[in-house]
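As a plain string of letters, each chain reads:
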Amino acid sequence: MSTLSLNVRLFDDTGNAPAAEGPVLSLAEFKWMMDEMMLLNGVLNVGDWIPWLGCLDLQGYVRRMKRIGERFSAFIDHVIDEHAERRRRDGDSFVARDMVDVLMQVADDPTFEAFTQDLIVGGTESSSATVEWAISEVLRKPSIFATATEELDHVVGRRRWVTEEDLANLPYLNAIVKETMRVHPIAPLLTPRVTREDVAVAGYDIPKGTLVLINVWTIGRDPAQWEKPEEFTPERFIGTEIDVKGQDFELLPFGSGRRMCPGYNLGLKEVQLSLANLLHGFTWSLPEGMAGQDLSMDEVFGLSTTRKFPLEVVVQPRLPTELYA
Ligand code: HEM
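This structure is a prediction, so every number in the text was calculated from the model and none was measured.

Asker: Run through the overall build of the protein, naming residues and quoting values.
Answerer: Each helix and strand counted, the protein has 10 helices and eight strands in total. Against the compact-globule benchmark of 20 Å for 325 residues, the protein has a radius of gyration of 22 Å, which places it among compact chains. Across its three principal axes, the protein shows a C-alpha extent of roughly 60 × 55 × 40 Å. Counting every position in the protein, which comprises 325 residues, the buried fraction comes to 42%. Within the protein, contacts between residues separated by at least 24 positions form 66% of all contacts whose residues are at least 6 apart in sequence. Of the roughly 18,600 Å² of accessible surface on the protein, 55% is carried by carbon and sulfur atoms. Each charge class in the protein can be summarised by its mean position, and for the 32 positive and 50 negative side chains these summaries are 1 Å apart.

Asker: I'd like a description of the packing of aromatic side chains, backed by residues and values.
Answerer: Taken as a whole, this structure holds eight aromatic pairs when the rule is applied. Aromatic rings pair up to connect Trp-161, Phe-282, Trp-284 and Tyr-324 into one cluster. Between the NZ or CZ atom of Arg-87 and the centre of the ring of Phe-94, over which it lies, the distance is 6.0 Å. Stacked on the ring of Trp-217, the Lys or Arg Arg-221 has its end atom at 3.7 Å from the ring centre.

Asker: Quick one: what's the story with helix H7 (residues 142-155), residue by residue and with numbers?
Answerer: For H7, which comprises 14 residues, the first-to-last C-alpha distance of 20 Å matches the rise-based estimate of 20 Å (1.5 Å per residue) to within 8%. Turning to H7, its buried residues are Ile-144, Phe-145, Ala-148, Thr-149, Glu-151 and Leu-152. Taken around the axis of H7, the buried residues stretch over an arc of 155°, which confines them to a single face. Every exposed residue of H7 that faces more than 90 degrees away from the buried side is listed here: Pro-142, Glu-150 and His-154.

Asker: Go over the UniProt feature "binding site: heme" (unreviewed entry) in the protein, please, and point to the residues and values.
Answerer: Taking the numbering used here, the UniProt-annotated feature "binding site: heme" (unreviewed entry) corresponds to Cys-261. With respect to the helices and strands, Cys-261 occurs in the loop between helix H9 (216-219) and helix H10 (264-281). For Cys-261, a relative accessible area of 29% corresponds to the partly exposed category.

Asker: Can you explain the site of the ligand? Please cite residues and give values.
Answerer: For the ligand, the set of nearby residues contains 26 residues, the closest of which are Thr-191, Arg-193, Pro-253, Arg-259 and Cys-261. The separation between an oxygen atom of the ligand and a polar side-chain atom of Arg-193 is 2.6 Å. Residue Ser-256 places a main-chain N or O atom 3.3 Å away from an oxygen atom belonging to the ligand. Counting only elements with at least two residues in the shell around the ligand, the list comes to helix H6 (112-140) and H10. It is H6 that provides the largest number of residues to the shell around the ligand, a total of seven residues. Taken together, the residues of the shell around the ligand break down into 12 nonpolar, 10 polar and four charged.

Asker: Break down H10 for me, citing the residues and quoting the values.
Answerer: With 18 residues, H10 should reach 26 Å at 1.5 Å per residue; the first-to-last C-alpha distance of 25 Å fits that figure. Buried residues dominate H10, accounting for 13 of its 18 residues.

Asker: Any chance you could break down the confidence of the model for the protein for me, citing the residues and the numbers?
Answerer: When pLDDT is averaged along the protein, the result is 88; 90% of the residues meet or exceed 70. The secondary structure element of the protein with the lowest average pLDDT is helix H1 (residues 2-9), at 58, and the one with the highest is helix H8 (residues 171-183), at 98. For this predicted complex, the interface score ipTM comes out at 0.98, alongside a pTM of 0.84.

Asker: Describe the packing of helix H2 (residues 27-42) against H6, listing the residues and the values that go with them.
Answerer: Packing of H2 against H6 brings their axes to within 11 Å, and their N-to-C directions diverge by 90°. On the basis of the axis angle, H2 is roughly perpendicular to H6. Here H2 contributes Phe-30, Met-34, Asp-35, Met-37 and Met-38 to the contact with H6, which in turn contributes Gln-117, Ile-120, Val-121, Thr-124 and Glu-125. Within the contact of H2 with H6, the residues separate by chemical class into six nonpolar, two polar and two charged.

Asker: How would you summarise the side chain of Glu-125 if you had to cite specific residues and measurements?
Answerer: The residue Glu-125 is located in helix H6 in this model. For the buried Glu-125, no salt bridge is present, and the opposite-charge side chain at shortest range is Lys-31, 8.7 Å distant.

Asker: Go over the packing of H6 against H10 with me, naming the residues and quoting the values.
Answerer: Relative orientation of the contacting elements H6 and H10 amounts to 40°, with a least axis distance of 9 Å. Taken as a pair, H6 and H10 cross one another with a handedness that is right-handed. Contacts between H6 and H10 involve Gly-123, Ser-127, Thr-130, Val-131, Ala-134, Ile-135 and Val-138 from the former and Gly-267, Glu-270, Val-271, Ser-274, Leu-275, Leu-278 and Leu-279 from the latter.

Asker: Requested: an account of the side chain of His-184, with residues and values cited.
Answerer: Relative to the helices and strands, His-184 is located in the loop between H8 and strand S1 (193-194). Look at His-184 and you get buried, because its relative accessible area is 5%. Leaving out residues up to four positions away in the same chain, His-184 has contacts with Trp-133, Glu-137, Met-297 and Glu-299.

Rules behind the numbers
- Residues numbered from 1 in each chain as written.
- Predicted model: local features only at pLDDT ≥ 70, side-chain atom pairs only at ≥ 80, totals over all residues.
- Heavy atoms only, no water.
- Helix = DSSP H or I, 4+ residues; strand = E, 2+ residues; numbered from the N terminus.
- Rg over C-alpha atoms; globule rule 2.2 N^0.38 Å.
- Buried < 20%, exposed > 50% of the residue type's maximum accessible area, 1.4 Å probe, protein only.
- Contact = heavy atoms within 4.5 Å.
- Areas by Shrake-Rupley, 256 points an atom, 1.4 Å probe, with all protein chains shown as cover.
- Lys, Arg positive; Asp, Glu negative; His and termini not counted.
- Charge placed at Lys NZ, Arg CZ, Asp CG, Glu CD.
- Phe/Tyr/Trp six-rings, centres within 6.5 Å; stacked < 30°, edge-to-face > 60°.
- Lys NZ or Arg CZ within 6 Å of the ring centre and 35° of its normal.
- Expected span 1.5 Å × (residues − 1).
- Arc of directions from axis to C-beta.
- UniProt positions renumbered as here; feature names shortened; annotations may be inferred.
- Near = heavy atom within 4 Å.
- Polar contact = N/O pair within 3.5 Å; in protein donor to acceptor, adjacent residues only side chain to side chain.
- Nonpolar A, V, L, I, M, F, W, Y, C, P; charged D, E, K, R; others polar.
- pLDDT = per-residue confidence, 0-100.
- Axes fitted to C-alpha atoms, helices over the stretch in contact; angles between N-to-C directions.
- Parallel < 35°, antiparallel > 145°, perpendicular 65-115°, else oblique.
- Salt bridge = Lys/Arg side-chain N within 4 Å of Asp/Glu carboxyl O.
- Left-handed = near helix turned anticlockwise from the far one by under 90°.

Here you go:
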(Lines give C-alpha, C1' and ligand atoms only; values in the text may rest on other atoms or scores of the structure.)
Protein backbone atom coordinates (compact mmCIF):
# COMPACT_ATOMS: atom_id res chain seq x y z
CA MET A 1 0.00 0.00 0.00
CA SER A 2 2.76 2.46 0.80
CA THR A 3 4.32 1.60 -2.58
CA LEU A 4 1.04 2.58 -4.25
CA SER A 5 0.89 5.79 -2.26
CA LEU A 6 4.48 6.69 -3.10
CA ASN A 7 4.01 5.87 -6.76
CA VAL A 8 1.08 8.29 -6.86
CA ARG A 9 3.28 11.05 -5.47
CA LEU A 10 6.85 10.54 -6.58
CA PHE A 11 7.84 7.50 -8.56
CA ASP A 12 7.16 6.14 -12.02
CA ASP A 13 5.98 2.60 -12.86
CA THR A 14 9.50 1.22 -12.71
CA GLY A 15 9.98 2.40 -9.15
CA ASN A 16 12.50 5.07 -10.09
CA ALA A 17 12.39 8.66 -8.94
CA PRO A 18 11.81 11.05 -11.83
CA ALA A 19 15.09 11.82 -13.61
CA ALA A 20 16.77 9.08 -11.64
CA GLU A 21 20.06 10.89 -11.15
CA GLY A 22 19.38 12.53 -7.82
CA PRO A 23 20.48 11.47 -4.38
CA VAL A 24 17.68 8.90 -4.11
CA LEU A 25 17.50 6.37 -6.89
CA SER A 26 15.06 3.68 -5.93
CA LEU A 27 11.66 3.32 -4.39
CA ALA A 28 13.07 0.74 -1.96
CA GLU A 29 15.67 3.21 -0.71
CA PHE A 30 13.11 5.96 -0.33
CA LYS A 31 10.77 3.63 1.56
CA TRP A 32 13.60 2.83 3.95
CA MET A 33 14.08 6.59 4.50
CA MET A 34 10.37 7.06 5.18
CA ASP A 35 10.28 4.14 7.64
CA GLU A 36 13.34 5.44 9.46
CA MET A 37 11.86 8.93 9.70
CA MET A 38 8.48 7.66 10.94
CA LEU A 39 10.14 5.48 13.54
CA LEU A 40 12.48 8.18 14.82
CA ASN A 41 9.55 10.61 15.17
CA GLY A 42 7.92 8.30 17.69
CA VAL A 43 10.89 7.12 19.75
CA LEU A 44 11.44 8.07 23.37
CA ASN A 45 14.81 9.79 23.43
CA VAL A 46 16.31 9.73 26.91
CA GLY A 47 18.14 13.02 26.29
CA ASP A 48 14.82 14.86 25.82
CA TRP A 49 13.78 13.97 29.38
CA ILE A 50 17.17 13.99 31.16
CA PRO A 51 18.92 16.87 29.38
CA TRP A 52 22.38 16.30 30.91
CA LEU A 53 22.44 12.88 29.21
CA GLY A 54 21.52 14.43 25.85
CA CYS A 55 25.06 15.03 24.61
CA LEU A 56 25.90 11.32 25.08
CA ASP A 57 23.14 10.24 22.68
CA LEU A 58 22.99 6.91 24.49
CA GLN A 59 20.44 5.31 22.17
CA GLY A 60 22.03 6.68 19.00
CA TYR A 61 18.74 8.29 17.94
CA VAL A 62 20.13 11.80 17.47
CA ARG A 63 22.88 10.48 15.19
CA ARG A 64 20.28 8.62 13.13
CA MET A 65 18.00 11.70 13.03
CA LYS A 66 20.82 13.87 11.70
CA ARG A 67 21.69 11.30 9.07
CA ILE A 68 18.11 10.90 7.84
CA GLY A 69 17.58 14.69 7.98
CA GLU A 70 20.53 15.23 5.63
CA ARG A 71 19.38 12.54 3.20
CA PHE A 72 15.84 13.89 3.13
CA SER A 73 17.07 17.40 2.59
CA ALA A 74 19.19 16.26 -0.35
CA PHE A 75 16.22 14.40 -1.80
CA ILE A 76 13.85 17.36 -1.46
CA ASP A 77 16.45 19.65 -3.08
CA HIS A 78 16.56 17.18 -5.95
CA VAL A 79 12.75 17.19 -6.29
CA ILE A 80 12.64 20.99 -6.20
CA ASP A 81 15.49 21.38 -8.73
CA GLU A 82 13.80 18.95 -11.05
CA HIS A 83 10.50 20.82 -10.87
CA ALA A 84 12.22 24.20 -11.29
CA GLU A 85 14.02 22.84 -14.36
CA ARG A 86 10.75 21.74 -16.00
CA ARG A 87 9.25 25.14 -15.21
CA ARG A 88 12.19 26.86 -16.91
CA ARG A 89 12.11 24.48 -19.88
CA ASP A 90 8.37 24.81 -20.50
CA GLY A 91 8.33 28.60 -20.12
CA ASP A 92 4.92 30.09 -20.95
CA SER A 93 3.46 26.67 -21.76
CA PHE A 94 4.16 25.40 -18.20
CA VAL A 95 1.20 23.63 -16.58
CA ALA A 96 1.29 22.52 -12.92
CA ARG A 97 1.14 18.73 -12.76
CA ASP A 98 1.47 18.03 -9.04
CA MET A 99 1.49 19.54 -5.55
CA VAL A 100 5.12 20.65 -5.73
CA ASP A 101 4.42 22.57 -8.96
CA VAL A 102 1.47 24.31 -7.31
CA LEU A 103 3.46 25.13 -4.17
CA MET A 104 6.25 26.62 -6.26
CA GLN A 105 3.73 28.84 -8.00
CA VAL A 106 2.27 30.23 -4.78
CA ALA A 107 5.25 30.28 -2.40
CA ASP A 108 8.87 31.17 -2.83
CA ASP A 109 10.38 31.43 0.64
CA PRO A 110 12.75 29.48 2.90
CA THR A 111 9.97 27.36 4.44
CA PHE A 112 9.19 25.87 1.07
CA GLU A 113 11.58 22.93 1.39
CA ALA A 114 10.23 21.98 4.82
CA PHE A 115 6.68 22.30 3.56
CA THR A 116 7.34 19.99 0.61
CA GLN A 117 8.82 17.46 3.02
CA ASP A 118 5.72 17.80 5.27
CA LEU A 119 3.45 17.03 2.34
CA ILE A 120 5.43 13.98 1.26
CA VAL A 121 5.91 12.57 4.76
CA GLY A 122 2.50 13.61 6.16
CA GLY A 123 0.57 12.38 3.20
CA THR A 124 2.13 9.07 2.27
CA GLU A 125 2.11 6.59 5.10
CA SER A 126 -1.06 8.01 6.71
CA SER A 127 -3.22 6.92 3.78
CA SER A 128 -1.52 3.60 3.09
CA ALA A 129 -1.47 2.57 6.76
CA THR A 130 -5.19 3.38 7.12
CA VAL A 131 -6.04 1.18 4.13
CA GLU A 132 -3.88 -1.60 5.53
CA TRP A 133 -5.71 -1.43 8.89
CA ALA A 134 -9.07 -1.49 7.09
CA ILE A 135 -8.09 -4.62 5.13
CA SER A 136 -6.83 -6.23 8.36
CA GLU A 137 -10.18 -5.62 10.07
CA VAL A 138 -12.10 -6.96 7.06
CA LEU A 139 -9.96 -10.10 7.12
CA ARG A 140 -10.87 -10.64 10.76
CA LYS A 141 -14.59 -10.27 10.07
CA PRO A 142 -15.54 -11.69 6.63
CA SER A 143 -19.19 -10.57 7.03
CA ILE A 144 -17.92 -7.00 6.48
CA PHE A 145 -16.36 -8.04 3.18
CA ALA A 146 -19.66 -9.65 2.13
CA THR A 147 -21.71 -6.51 2.94
CA ALA A 148 -19.18 -4.19 1.29
CA THR A 149 -18.99 -6.20 -1.93
CA GLU A 150 -22.79 -6.51 -2.06
CA GLU A 151 -22.96 -2.70 -1.99
CA LEU A 152 -20.18 -2.39 -4.60
CA ASP A 153 -21.80 -4.91 -6.93
CA HIS A 154 -25.11 -3.09 -6.61
CA VAL A 155 -23.75 0.46 -7.12
CA VAL A 156 -20.78 -0.12 -9.45
CA GLY A 157 -21.43 -3.53 -11.01
CA ARG A 158 -18.76 -6.05 -11.97
CA ARG A 159 -17.77 -4.59 -15.32
CA ARG A 160 -15.72 -1.61 -14.19
CA TRP A 161 -13.57 -0.20 -11.36
CA VAL A 162 -14.85 2.22 -8.71
CA THR A 163 -14.45 5.92 -9.50
CA GLU A 164 -14.46 9.02 -7.29
CA GLU A 165 -18.03 9.78 -8.40
CA ASP A 166 -19.23 6.47 -6.93
CA LEU A 167 -18.01 7.28 -3.42
CA ALA A 168 -21.07 9.34 -2.46
CA ASN A 169 -23.24 6.29 -3.15
CA LEU A 170 -21.24 3.86 -0.99
CA PRO A 171 -22.37 4.50 2.61
CA TYR A 172 -21.18 1.13 3.92
CA LEU A 173 -17.72 1.55 2.40
CA ASN A 174 -17.52 5.03 3.96
CA ALA A 175 -18.62 3.56 7.29
CA ILE A 176 -15.73 1.04 7.13
CA VAL A 177 -13.32 3.94 6.61
CA LYS A 178 -14.73 5.88 9.60
CA GLU A 179 -14.68 2.79 11.82
CA THR A 180 -11.06 2.12 10.80
CA MET A 181 -10.14 5.69 11.67
CA ARG A 182 -11.91 5.37 15.05
CA VAL A 183 -10.02 2.23 16.04
CA HIS A 184 -6.70 2.94 14.30
CA PRO A 185 -6.10 6.70 14.34
CA ILE A 186 -2.85 7.34 12.49
CA ALA A 187 -1.71 10.02 14.96
CA PRO A 188 -3.03 8.74 18.33
CA LEU A 189 -1.96 11.88 20.24
CA LEU A 190 -2.37 14.38 17.36
CA THR A 191 0.24 17.16 17.23
CA PRO A 192 1.13 18.59 20.65
CA ARG A 193 -0.47 21.94 21.56
CA VAL A 194 0.58 24.59 24.09
CA THR A 195 -2.05 26.66 25.91
CA ARG A 196 -1.67 30.37 25.19
CA GLU A 197 -3.61 31.44 28.28
CA ASP A 198 -5.00 29.99 31.53
CA VAL A 199 -8.05 27.94 30.71
CA ALA A 200 -10.59 25.69 32.46
CA VAL A 201 -11.75 22.58 30.58
CA ALA A 202 -14.30 20.16 32.02
CA GLY A 203 -13.49 21.27 35.57
CA TYR A 204 -9.68 21.11 35.12
CA ASP A 205 -7.59 24.28 35.41
CA ILE A 206 -4.87 24.29 32.76
CA PRO A 207 -2.26 27.04 33.20
CA LYS A 208 -0.85 29.06 30.31
CA GLY A 209 2.13 27.34 28.65
CA THR A 210 1.00 23.76 29.36
CA LEU A 211 1.85 21.11 26.77
CA VAL A 212 -1.46 19.45 25.87
CA LEU A 213 -1.81 16.09 24.15
CA ILE A 214 -5.20 15.01 22.79
CA ASN A 215 -5.49 11.23 23.03
CA VAL A 216 -7.79 10.39 20.11
CA TRP A 217 -6.87 6.70 20.44
CA THR A 218 -8.51 6.61 23.88
CA ILE A 219 -11.42 8.83 22.84
CA GLY A 220 -12.13 6.31 20.08
CA ARG A 221 -12.36 3.56 22.72
CA ASP A 222 -14.32 5.48 25.34
CA PRO A 223 -17.37 3.43 26.40
CA ALA A 224 -19.13 6.68 27.35
CA GLN A 225 -19.01 7.66 23.65
CA TRP A 226 -19.23 4.36 21.82
CA GLU A 227 -21.28 1.24 22.33
CA LYS A 228 -19.04 -1.85 22.54
CA PRO A 229 -16.01 0.25 21.54
CA GLU A 230 -13.69 -2.75 21.30
CA GLU A 231 -15.75 -4.22 18.44
CA PHE A 232 -15.12 -3.26 14.82
CA THR A 233 -18.65 -2.42 13.66
CA PRO A 234 -18.98 -0.12 10.62
CA GLU A 235 -22.80 -0.28 11.02
CA ARG A 236 -22.52 2.12 14.00
CA PHE A 237 -21.98 4.97 11.50
CA ILE A 238 -24.91 4.14 9.22
CA GLY A 239 -27.63 6.74 9.67
CA THR A 240 -25.49 9.04 11.88
CA GLU A 241 -24.09 12.45 11.05
CA ILE A 242 -20.75 11.78 12.76
CA ASP A 243 -17.95 12.72 10.38
CA VAL A 244 -14.16 12.86 10.37
CA LYS A 245 -13.85 16.55 9.46
CA GLY A 246 -12.88 17.91 12.88
CA GLN A 247 -16.32 18.97 14.09
CA ASP A 248 -17.35 15.80 15.95
CA PHE A 249 -14.95 15.59 18.88
CA GLU A 250 -15.50 11.88 19.50
CA LEU A 251 -13.91 11.13 16.10
CA LEU A 252 -10.84 13.22 15.23
CA PRO A 253 -8.58 11.14 12.95
CA PHE A 254 -7.46 14.31 11.12
CA GLY A 255 -7.34 16.47 14.26
CA SER A 256 -9.27 19.71 14.56
CA GLY A 257 -8.84 23.47 14.53
CA ARG A 258 -6.11 25.51 12.90
CA ARG A 259 -3.53 22.74 12.99
CA MET A 260 -5.91 20.14 11.58
CA CYS A 261 -4.56 18.02 8.74
CA PRO A 262 -4.46 20.27 5.65
CA GLY A 263 -4.53 17.19 3.42
CA TYR A 264 -7.64 15.61 4.91
CA ASN A 265 -9.77 15.91 1.80
CA LEU A 266 -7.14 14.30 -0.42
CA GLY A 267 -6.23 11.70 2.24
CA LEU A 268 -9.84 10.72 2.83
CA LYS A 269 -10.57 10.33 -0.90
CA GLU A 270 -7.37 8.35 -1.38
CA VAL A 271 -8.30 5.93 1.42
CA GLN A 272 -11.93 5.58 0.29
CA LEU A 273 -11.04 5.02 -3.36
CA SER A 274 -8.13 2.63 -2.76
CA LEU A 275 -10.12 0.57 -0.27
CA ALA A 276 -13.20 0.51 -2.51
CA ASN A 277 -11.17 -0.78 -5.46
CA LEU A 278 -9.23 -3.31 -3.40
CA LEU A 279 -12.48 -4.77 -2.04
CA HIS A 280 -14.23 -4.55 -5.41
CA GLY A 281 -11.40 -6.06 -7.41
CA PHE A 282 -10.20 -8.85 -5.14
CA THR A 283 -11.44 -11.50 -2.74
CA TRP A 284 -9.31 -11.29 0.39
CA SER A 285 -8.53 -14.17 2.72
CA LEU A 286 -5.92 -15.20 5.26
CA PRO A 287 -3.33 -17.89 4.47
CA GLU A 288 -4.69 -21.43 4.83
CA GLY A 289 -5.11 -22.58 8.41
CA MET A 290 -5.10 -19.06 9.85
CA ALA A 291 -8.22 -17.81 11.61
CA GLY A 292 -9.27 -14.15 11.85
CA GLN A 293 -8.54 -13.98 15.58
CA ASP A 294 -4.96 -15.22 14.91
CA LEU A 295 -4.17 -12.11 12.88
CA SER A 296 -1.95 -9.86 14.99
CA MET A 297 -3.21 -6.30 15.34
CA ASP A 298 -0.11 -5.08 17.20
CA GLU A 299 0.88 -1.52 16.41
CA VAL A 300 4.16 0.34 16.01
CA PHE A 301 4.00 3.83 17.44
CA GLY A 302 5.91 6.34 15.31
CA LEU A 303 4.91 9.49 13.44
CA SER A 304 2.06 7.30 12.25
CA THR A 305 0.73 4.12 13.80
CA THR A 306 1.31 1.19 11.49
CA ARG A 307 1.04 -2.60 11.73
CA LYS A 308 3.87 -4.18 13.69
CA PHE A 309 3.91 -7.28 11.48
CA PRO A 310 3.43 -7.20 7.70
CA LEU A 311 0.03 -8.33 6.49
CA GLU A 312 0.13 -11.68 4.69
CA VAL A 313 -2.95 -12.34 2.57
CA VAL A 314 -4.28 -14.43 -0.28
CA VAL A 315 -6.01 -12.39 -3.01
CA GLN A 316 -8.08 -13.58 -5.94
CA PRO A 317 -9.56 -11.46 -8.74
CA ARG A 318 -13.33 -10.81 -8.60
CA LEU A 319 -13.78 -8.93 -11.87
CA PRO A 320 -13.46 -9.90 -15.57
CA THR A 321 -9.81 -10.58 -16.55
CA GLU A 322 -9.60 -7.72 -19.08
CA LEU A 323 -10.03 -5.15 -16.28
CA TYR A 324 -6.66 -6.12 -14.79
CA ALA A 325 -4.68 -5.45 -17.97
C1 HEM B 1 -5.72 9.16 5.78
C2 HEM B 1 -4.91 10.15 5.55
C3 HEM B 1 -4.43 11.14 6.60
C4 HEM B 1 -4.60 11.15 7.96
C5 HEM B 1 -5.35 10.14 8.82
C6 HEM B 1 -3.93 12.33 8.46
C7 HEM B 1 -3.90 12.71 9.80
C8 HEM B 1 -3.29 13.86 10.26
C9 HEM B 1 -3.34 14.31 11.64
C10 HEM B 1 -4.08 13.62 12.78
C11 HEM B 1 -2.63 15.45 11.72
C12 HEM B 1 -2.43 16.32 12.99
C13 HEM B 1 -3.65 17.23 13.13
C14 HEM B 1 -3.84 17.88 14.48
O15 HEM B 1 -2.97 17.76 15.35
O16 HEM B 1 -4.89 18.52 14.69
C17 HEM B 1 -2.09 15.74 10.40
C18 HEM B 1 -1.27 16.80 10.08
C19 HEM B 1 -0.77 17.02 8.83
N20 HEM B 1 -1.07 16.35 7.66
FE21 HEM B 1 -2.28 14.74 7.53
N22 HEM B 1 -3.36 13.00 7.40
C23 HEM B 1 -3.64 12.32 6.26
C24 HEM B 1 -3.30 12.67 4.96
C25 HEM B 1 -2.54 13.76 4.62
C26 HEM B 1 -2.21 14.17 3.27
C27 HEM B 1 -2.70 13.45 2.01
C28 HEM B 1 -1.39 15.26 3.38
C29 HEM B 1 -0.74 16.10 2.31
C30 HEM B 1 -0.71 15.84 1.05
C31 HEM B 1 -1.21 15.54 4.79
C32 HEM B 1 -0.42 16.55 5.29
C33 HEM B 1 -0.36 16.90 6.62
C34 HEM B 1 0.45 17.99 7.13
C35 HEM B 1 1.39 18.89 6.31
C36 HEM B 1 0.20 18.08 8.51
C37 HEM B 1 0.81 19.06 9.52
C38 HEM B 1 -0.11 20.27 9.67
C39 HEM B 1 0.36 21.25 10.74
O40 HEM B 1 1.14 20.88 11.62
O41 HEM B 1 -0.10 22.41 10.71
N42 HEM B 1 -1.92 14.62 5.51
N43 HEM B 1 -2.52 14.75 9.53
